[in-house]
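Here's the letter readout for the chains.
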Amino acid sequence: TTTELELVNVSASWDEGIGELFEKIKQENKANGQPNCDASLFFTNLYITPVLKNISLYLEKGKMLAVAGSTGSGKSSLLMMILGELVPSEGKIRHSGRISFSPQTPWIMPGTIRDAILFGLTYDEYRYTSVIKACQLEEDFALLPEKDKTLLVEGGVTLSGGQRARLGLARAVYKDADLYLLDAPFTHLDIVTEKEIFEKCVCKLMASKTRIVVTSKLEHLKRADKILLLHNGDCYFYGTFSELQAQRPDFSSLLLGMEAYDNINAERRSSILTETLRRVSVDE
Ligand code: ATP
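These numbers were taken from a predicted model, which means no experiment stands behind them.

1. Focus on the overall build of the protein
For step 1, the next point in the chain: Across its full length, the protein holds twelve helices and nine strands.
For step 2, the next point in the chain: Evaluated residue by residue, the protein yields a buried proportion of 44% over its 284 residues.
For step 3, the next point in the chain: Considering only intrachain contacts with a sequence separation of at least 6, the fraction spanning at least 24 residues in the protein is 75%.
For step 4, the next point in the chain: About 14,600 Å² of surface is accessible on the protein, with carbon and sulfur atoms providing 52% of the total.

Next comes the structure, spelled out in structure tokens:
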């Protein structure tokens, strides 16, 4: 089969299931010598809204899925679900093989920069060099006294938000996997760097990889094989960019009509996208 990932009508919430919660309260009450359940605690947890509702998608080997959506719409939660950290309450999720995940804020451990990228894997010069070039880290290393052997510890160098983001991306890309999950890898980058990294790393270096990229940039949505647009945990749209224009004309023309949308930083773009999705969801 050439399918790498499939989600069929998947829903999930971050909170514990009612049954599980009820059991837990009972156990706790027993332990405290109180036989009755606290009704108010039960009711506060009764109206849990799912973080993801009825999501379906299908990703073939070597293809790119772009995930966009409003703030708090469940983009990161979707990745957590694929990672197995968030268990679906309904629906089916199917994938096989190794996953490499690049979180929004990568964790940096004490050690050299190189160690932070290798993250326990063996050093392969060719692979390492292509990754750091594609992630635009070469120039940064050149400025450091001990290049990528510089220590990232107290008293050592402190990375900027952008450097940290690129280091996290490099770590995820260096790892050999069947599925790559890149959570907003461009958040702290300037427009030029974002463009370079999208081209050189996400499109070129990762050309044959199955990828999910959380991004709000239209250029990225156009280049992706599939797009998933989330709003309040719902799928607002799933398909290709031309299908988006056909099926969601109001949304598409609003964003495409904004000359500067793609050229502002990712944070501001995200709030514009959120506003636009709110507006069109109310109109519909
Ligand atoms: P953003 O654009 O701000 O990054 P997002 O679309 O990635 O948002 P999520 O981070 O998935 O959205 O958040 C969706 C909801 O799930 C939020 O209400 C958030 O508080 C909740 N949530 C996210 N991660 C966790 C977690 N690990 N444990 C509990 N709740 C979580």
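2. Quick word on unusual backbone geometry
For step 1, the next point in the chain: In this model, Asn 54 sits at a positive phi of 50°, which is unusual for a non-glycine residue.
For step 2, the next point in the chain: Within the secondary structure layout, Asn 54 lies in strand β2 (residues 52-60).
For step 3, the next point in the chain: The backbone phi angle of Asn 232 is positive, close to 55°, even though this residue is not glycine.
For step 4, the next point in the chain: Within the secondary structure, Asn 232 sits in the loop between β8 (226-231) and β9 (234-239).

3. Things to note about the pairing of β8
For step 1, the next point in the chain: Judged by how many residues are buried, β8 sits mostly within the fold: five of six residues are covered.
For step 2, the next point in the chain: Summarising the sheet, strand β3 (residues 64-69) and β8 pair through five bridges and their orientation is parallel. Paired with Val 67 across the two strands is Leu 228, which belongs to β8.
For step 3, the next point in the chain: Where β8 and β9 come together, five bridges link them in antiparallel fashion. Considered in β9, the bridge of Leu 230 is made with Cys 235.
For step 4, the next point in the chain: Between β8 and β9, which pair antiparallel one after the other, the connecting turn spans two residues, and Asn 232 there sits at a positive phi close to 55°.

4. Overview of the site of the ligand
For step 1, the next point in the chain: In the neighbourhood of the ligand, the contacting residues comprise Trp 14, Val 51, Ser 70, Thr 71, Gly 72, Ser 73, Gly 74, Lys 75, Ser 76, Ser 77 and Gln 104.
For step 2, the next point in the chain: Between Trp 14 and the ligand, the recorded distance is 3.2 Å, taken from a side-chain N or O atom to a nitrogen atom.
For step 3, the next point in the chain: Gly 72 places a polar main-chain atom, nitrogen or oxygen, 2.9 Å from an oxygen atom of the ligand.
For step 4, the next point in the chain: For the ligand, the accessible surface in isolation is 630 Å², of which the surrounding protein chains cover 54%.
For step 5, the next point in the chain: Along the lines of polarity and charge, the residues of the shell around the ligand split into two nonpolar, eight polar and one charged.

5. Some remarks on the nonpolar core
For step 1, the next point in the chain: Formed by 50 residues in total, the largest nonpolar core has its most connected members in Ile 117, Phe 141, Cys 201, Leu 229 and Phe 251.
For step 2, the next point in the chain: Top contributing element to this core by residue count: helix α7 (residues 161-174), with six residues.
For step 3, the next point in the chain: Phe 141 has contacts with Ile 113, Ile 117, Tyr 128, Ile 132, Lys 147 and Asp 148, leaving out every residue within four places of it along the chain.
For step 4, the next point in the chain: Counting 24 residues, the second largest nonpolar core, distinct from the first, contains Val 10, Val 51, Val 67 and Ile 82.

6. Notes on the environment of Thr 122
For step 1, the next point in the chain: Relative to the helices and strands, Thr 122 is located in the loop between α4 (113-118) and α5 (125-134).
For step 2, the next point in the chain: Spatially, the C-alpha atom of Thr 122 lies 10.0 Å from that of Lys 175, the residues being 53 residues apart in sequence.

7. Quick look at the state of the cysteines
For step 1, the next point in the chain: Going through the model one piece at a time under the given rule, you end up with zero disulfides.
For step 2, the next point in the chain: Free of any disulfide, Cys 135 has its nearest neighbouring cysteine sulfur in Cys 201, separated by 4.0 Å.
For step 3, the next point in the chain: When its relative accessible area of 0% is taken as the criterion, Cys 135 is described as buried.

8. Overview of the pattern of salt bridges
For step 1, the next point in the chain: The final tally for this structure, using the stated rule, is 14 salt bridges.
For step 2, the next point in the chain: The residue Arg 94 makes a salt bridge to Glu 6 at a minimum N-O spacing of 3.4 Å. Within this pair, whereas Arg 94 is found in strand β4 (residues 90-95), its partner Glu 6 is found in strand β1 (residues 3-12), the two being separated by 88 residues in sequence.
For step 3, the next point in the chain: When its relative accessible area of 39% is taken as the criterion, Arg 94 is described as partly exposed.
For step 4, the next point in the chain: Relative accessible area serves as the criterion here: at 26%, Glu 6 is assigned to the partly exposed category.
For step 5, the next point in the chain: Between Arg 223 and Glu 199 there is a salt bridge; the shortest N-O distance is 2.9 Å. Of this pair, Arg 223 sits in helix α9 (residues 218-223) while Glu 199 sits in helix α8 (residues 191-205), placing them 24 residues apart in sequence.
For step 6, the next point in the chain: Judged by relative accessible area, which is 29%, Glu 199 ranks as partly exposed.
For step 7, the next point in the chain: In the salt-bridge network here, residues are joined through shared partners; they are Arg 98, Asp 176, Asp 178 and Lys 209.

About the thresholds
Residues numbered from 1 in each chain as written. Predicted model: local features only at pLDDT ≥ 70, side-chain atom pairs only at ≥ 80, totals over all residues. Heavy atoms only, no water. Helix = DSSP H or I, 4+ residues; strand = E, 2+ residues; numbered from the N terminus. Buried < 20%, exposed > 50% of the residue type's maximum accessible area, 1.4 Å probe, protein only. Contact = heavy atoms within 4.5 Å. Areas by Shrake-Rupley, 256 points an atom, 1.4 Å probe, with all protein chains shown as cover. Pairing = 2+ DSSP bridges. Near = heavy atom within 4 Å. Polar contact = N/O pair within 3.5 Å; in protein donor to acceptor, adjacent residues only side chain to side chain. Nonpolar A, V, L, I, M, F, W, Y, C, P; charged D, E, K, R; others polar. Core = buried A, V, L, I, M, F, W, Y, C linked by side-chain atoms within 4.5 Å. Disulfide = S-S within 2.5 Å. Salt bridge = Lys/Arg side-chain N within 4 Å of Asp/Glu carboxyl O.

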